[in-house]
Amino acid sequence: MAIPFAVRIPFIEQIGCEMQRYENGEAEITLDVQDQHTNSFGVAHGGLMMTLLDVAMAHAARSLNLDQPDGGPGLVTIEMKTTFMRPGLGHIRALGSVLHSTASMAFTEGKVLDSKGRVCAHATATFKFLRALPVSDREVRPAAKPLLHGPGSD
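(A) Broad picture of the confidence of the model for the protein chain. Here the protein chain shows a mean pLDDT of 88. Residues at 70 or above account for 85%. Segment residues 143-147 is flagged for pLDDT under 50; beyond a separation of four residues in sequence, or across chains, it makes zero contacts in the model.

(B) Region of interest: the environment of Phe-84. Tracing the sequence through the fold places Phe-84 in strand β3 (residues 74-84). Sequence separation of Phe-84 and Lys-111 is 27 residues, and the distance between their C-alpha atoms is 9.7 Å. Residues within four places of Phe-84 in sequence aside, it is in contact with Gly-46, Met-49, Met-50, Cys-120 and Ala-121.

(C) Local environment of the side chain of Thr-126. For Thr-126, the position within the fold is in strand β6 (residues 119-130). Polar contacts involving the side chain of Thr-126 include one to the side chain of Glu-79, which spans 2.7 Å. Apart from residues lying up to four places away in sequence, Thr-126 is in contact with Val-76, Thr-77, Ile-78, Glu-79, Met-105, Ala-106 and Phe-107.

What counts, and where the lines are drawn
- Residues numbered from 1 in each chain as written.
- Predicted model: local features only at pLDDT ≥ 70, side-chain atom pairs only at ≥ 80, totals over all residues.
- Heavy atoms only, no water.
- pLDDT = per-residue confidence, 0-100.
- Contact = heavy atoms within 4.5 Å.
- Helix = DSSP H or I, 4+ residues; strand = E, 2+ residues; numbered from the N terminus.
- Polar contact = N/O pair within 3.5 Å; in protein donor to acceptor, adjacent residues only side chain to side chain.

Spelled out as structure tokens, the structure:
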């Protein structure tokens, strides 16, 4: 039975995945792969599987703060490494778990399983906990000066 996501994520609503659980440093998201989720080979698009992994691992990290007001701080993905092993077809599940956390970071692992329980993709990711930030009417300011000068600098 599906439960509400910790926060509203319009992109996830559009995809149509469902949260099955998130508690004690673990989370599970499910999705029935439809034609609109596939790549040119007719299997789950890699970007879809990475999205499911990202959200499952983020909710695993988020679950560590369920006892705090408003579910605790938000978080952002700092880095993610994904390995694809087999095509995702039919009913898939993304599982996320926290390997280690600090006051400001969560180190996680995730996998996407097919309906037979076989691993389709595996990922690790690092998330940073942060307080809510304004998302509208934000002013984007250019850097005051470049950090590097001369040949080879960006």
